[in-house]
Amino acid sequence: MFILSCSCRSASQSPASMASRSGRRFFLNLVAFVCLLFSLCDALSPQNCSKNSFLVDFESDFVMVQHQLRGTIRVIDDCSFQVSEFDMIEGADVHWWGALGDDFENLTLGFELSEQKLNRTYRNDSLVIQLKKNLTWDQIRVVGVWDKPTYSDFGHVILTGLANGTSDLPPAPSPDSAPSPAPTSQNFKALKNRVYEQPTMFQNCKVLSPEYRLRWTLDPNREIIDIGLEAAVASLDYMAFGWAQPGSASSLMLHADVCVTGFTEEGIPFADDYFITKYSECLLSKDGTVQGVCPDTIYEGSDPVGLVNNTRLVYGHRKDGVSFVRFQRPLDTIDQKYDVVVDKNANMTVIWALGLIRPPDALRPYYLPQNHGGTPQVTYGHLTFNVSEVVKECVGPLEAKDTEDQDIIFADGKTPLVVLTGPALHYPDPPNPPKVIYINKKEAPVLRVERGVPVTFSVQAGHDVALYVTSDTIGGNATSRNVSETIYAGGPESEGVPASPTELVWLPDRNTPDQVYYQSLYGQKMGWKVQVVDGGLSDMYNNSVVLDDQQVTFFWTLSGDSISIAARGEKKSGYLAIAFGGGMINSFAYVGWVDNTGMGRVSTYWIDGQDALSIHPTAENLTHVRCKSENGIITFEFSRSLEPSCKGGNPLCNNKIDPTTPLRVVWAMGAQWSEGHLSERNMHSVTSGRPIRVLLMRGSAEAEQDLRPVLAVHGFMMFVAWGILLPGGILAARYLKHVKGDWWFQTHVYLQYSGLSIVLLGVLFAAAELRGFSITSTHVKFGTIAIILACLQAMNAYLRPKRPANGEESSPRRVLWEYLHVISGRCAIAVGIAALFTGMKHLGDRYGGENVRGLNWALILWFVMGAFLVAYLEHREITQKRRQRGLGKGNWVLGNTEEDDSVDLLHPHRERESQQIDRMEVQLEPLGDR
């Protein structure tokens, strides 16, 4: 404290003595103030801290876990450490953290190391950190950066087990036990000054563009260079960097040796050596030549010993919306044809680019970088580069605008969300347990729900995972940690297995916060975020279904003679397309995409082939068109009439939607779309495996099975019955009565009953495979009528009246029966043939008409031939009867025990006249009634 003195001035004191006394007091106060400053500095200085720990002078890099944390730690003494080149994106409540291990359980049971908070974004900072009072290095195995509200590990350094490069750490102790001392082995003492480098740390860094950085470390002794490419780009974008051909003054990309890096759709990094021969996508000609931006191995075929592809992937990760890939290549190269030799002491020209990449497919099993486009020095560029120079241009972490890479699932209130568990491969917020929650086969996705729309979970994650929706970040029953939480749905009873799932229904209301979490009641950090938004598509449309593979949701509302449609992808893409048809070929497609200006568009097409030239724009009249991309998720909407207005010959005339008929819908996604000329780069990268039959009136959908084998068997059986057996039976009764005996009658009966049996078996076969029998289509209506007539024919034959005795007139009942039998039989054949042709049309509408047209012509030819045969036999029959009447011959019935059904029922008077002219009959055996 300051020492202040005061005195009262008497009247007898002179001004000189008063001035002298006042100066003395000021000097004493100044001395006291200086002593106080020295005492404070002495109390705050670390000079009293010893250096007895084996960790003193230990140095290592931080492991980057998230928030783009980088830096190097060095232990100064027993109570402090220094962090240099420290980068970190700001968090919520971040602290220096100590733990006994780097696993999930040990880190969550950790403790604060220092009173100092990390409450901002750090950019290449240097810090000296004092350990808390009474805390020593013996109690610390891991030094980390920890965000307390989210239980998130931003990065850490392991202080033990460094002799073999592993962390042989004991299991997490109980909260009441004291931490065990760290080992003090001699080998650790020998290694304490070693720098343990992480793959995210380099000696040099250069800024290529605001979103793209180049890092490198040169090893001149081994003649290799490690290169790290880092960019704030989308997860499906590539990062390319390489050397231009020495001596190139222009067209620097031609004959350049570049490395193309990126991530697969499964999140696996790759780095491949490419050679550029043309400004185009890699194309393989029919003669075997290769041109474009192609991998080195494509030019030379296989590369079993790695002589062509001399780029070796070292490490890669995708964190905080930033892609990072580290690879290694030699300065010299054996492959003089496709690789450029790097002179470590020379200034050389290098090129770089960012852009979309097309995944491999069956035809081209390699990644295809698309044209980067964009602005120079932003998405592509070149510069002069010397690998031996020391460059430190990168200050601070690279921050992406879109940091969320997790899949997003939209709960529509109709389709249950299947909850399972699986291995933690890409959990978004480490540390985490080895097993996490999967929803609809996606690992810990972001779940987006709408207020007022019920969400149904089908919990099948096992009896040890009870799903609940909570306000707590990590779940696992916050009350056990003395933390308060609000539970919105679920609890101990919300657990089940696939054989016996439990249904959990949750209705978010207006009081539900914008963000909550789905977690397990029995384990921490197994789930992830739930984003609660105000009503959207589910409220705007009456119906919705999830299409094949659960990657696209289809919404619709019928209104009079129009329909409003919306489609929303469940994963990030450059465009989203839906099509009405059995596949993308011979279908009408609607493509939603966002152009370079950020404007959403919906384009319509008719597709009649597999290449880009087969995609034909259509001027379909769409209204209420909207399209947007939100975090890479495409959503588009439009309205259209059920029957488009068009002129004859326009393919658009076939784009009709019948609400009473199932609408077959397929989908596709890709990296890039354009309004003008389309090329191979616009082809999709992922598509639905099969069509979904959307029942517009019912508001439901069902997966379309490939029923062509079933329908082929059904159709063949019906052709045998209605095209061969049943017509053959009629022909036998009509034209074979001149044959001796009753062979014609037996043939007639056997063929008719055989045909009827095959018809019934074909109907049962189709109904069993189609899981039902519905009289909706024209084909089914014709078939039903034909089957009824055929069955009535069998009953009619069984109930026929007696044949009149020889020479007697037929009774009226007999004559009526003969007319009914003949007419209904011929009608059954006519309707059956109509059912055959409508069945072919139904098959063509369902699976395309390419093969059906040929079958239709074959069927027509078959029945035309049958018609000619009938005409010939009828002509022969009439000619024979006329000849017999002209010669005056009688009717000889030789061995015929059945009635003569050859009577022409259409002209009965002719037969009666014939009987009056010639009544003589010779009966060789008695006629008996059947």
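Each remark here, short or long, concerns the structure printed above.
Residues numbered from 1 in each chain as written. Predicted model: local features only at pLDDT ≥ 70, side-chain atom pairs only at ≥ 80, totals over all residues. Heavy atoms only, no water.

Can you lay out the sheet that holds strand β32 (residues 487-490) for me, pointing to particular residues and giving the numbers?
In space, the 6 strands of this open sheet follow the order β25-β29-β35-β34-β31-β32, with mixed pairing throughout. With partners counted over all chains shown, the strands left at the sheet margins are β25 (408-410) and β32, one partner each. Across the sheet, the mean angle from the axis of one strand to that of its neighbour is 25°, orientation sign disregarded. Where strand β31 (residues 467-470) lies against strand β34 (residues 515-520), 4 bridges are found, and the strand directions are antiparallel. Across the sheet, residue Thr-470 finds its bridge partner in β34, namely Tyr-517. (Pairing = 2+ DSSP bridges. Helix = DSSP H or I, 4+ residues; strand = E, 2+ residues; numbered from the N terminus. Axes fitted to C-alpha atoms, helices over the stretch in contact; angles between N-to-C directions.)

Could you give an account of the packing of aromatic side chains, with specific residues and numbers?
According to the stated counting rule, one finds 32 aromatic pairs in the structure shown. Taken together, a centroid distance of 5.6 Å and an interplanar angle of 70° make the contact between Tyr-212 and Trp-352 edge-to-face. Here Tyr-212 is found in strand β12 (residues 212-219), whereas its partner Trp-352 is found in strand β22 (residues 348-358), with 140 residues between them in sequence. When sorted by exposure, Tyr-212 lands in the same class as Trp-352, which is buried. With a centroid separation of 5.0 Å and an interplanar angle of 20°, the aromatic rings of Tyr-299 and Tyr-338 are classed as stacked. With Tyr-299 in helix α4 (residues 296-300) and Tyr-338 in the loop between β21 (322-330) and β22, the pair connects residues that are 39 residues apart, well separated along the chain. Across this residue pair, the class does not change: Tyr-299 and Tyr-338 are buried. Over the ring of Phe-324 we find Arg-70, and its NZ or CZ is 5.7 Å from the ring centre. (Phe/Tyr/Trp six-rings, centres within 6.5 Å; stacked < 30°, edge-to-face > 60°. Buried < 20%, exposed > 50% of the residue type's maximum accessible area, 1.4 Å probe, protein only. Lys NZ or Arg CZ within 6 Å of the ring centre and 35° of its normal.)

Outline the state of the cysteines, supporting the account with residue identities and numerical values.
Tallied over the full model, the rule gives 3 disulfides. Sulfur-sulfur distance for the disulfide between Cys-205 and Cys-394 comes to 1.8 Å. As the torsion about the S-S bond is roughly -75°, the Cys-205-Cys-394 disulfide counts as left-handed. You can see Cys-205 sitting in strand β11 (residues 204-209) and its partner Cys-394 sitting in the loop between β24 (380-385) and β25, a full 189 residues away along the chain. Note on Cys-394: relative accessible area 12%, which makes it buried. Here Cys-282 engages in a disulfide with Cys-294; their sulfurs sit 2.0 Å apart. The chirality of the disulfide connecting Cys-282 with Cys-294 is right-handed, given an S-S dihedral of about 110°. Here Cys-282, found in the loop between β16 (269-276) and β17 (283-284), pairs with Cys-294, found in strand β19 (residues 293-295); they are 12 residues apart in sequence, far enough to count as distant. Each member of the pair, Cys-282 as well as Cys-294, is classed as buried. (Disulfide = S-S within 2.5 Å.)

Quick one: what's the story with unusual backbone geometry, residue by residue and with numbers?
Look at the link from Pro-430 to Pro-431: it is a cis peptide, with omega at 0°. The backbone phi angle of Glu-223 is positive, close to 60°, even though this residue is not glycine. Positionally, Glu-223 belongs in the loop between β12 and β13 (224-231). Although it is not a glycine, Asn-482 sits at a positive phi angle of roughly 60°. Counting through the fold element by element, Asn-482 comes out in the loop between β31 and β32.

Go over the pairing of strand β35 (residues 523-533), please, and point to the residues and values.
By the criterion of burial, β35 is predominantly enclosed, with 8 of the 11 residues buried. Pairing of strand β29 (residues 446-450) with β35 involves 4 bridges; the strand directions are parallel. By the bridge assignment for β35, Arg-448 is matched with Gln-531. Bridge count for β34 against β35 is 5 bridges, and the pairing is antiparallel. Counterpart to Tyr-517 in the pairing with β35 is Lys-529. Connecting β34 to the antiparallel partner β35 that follows it, the hairpin turn spans 2 residues.

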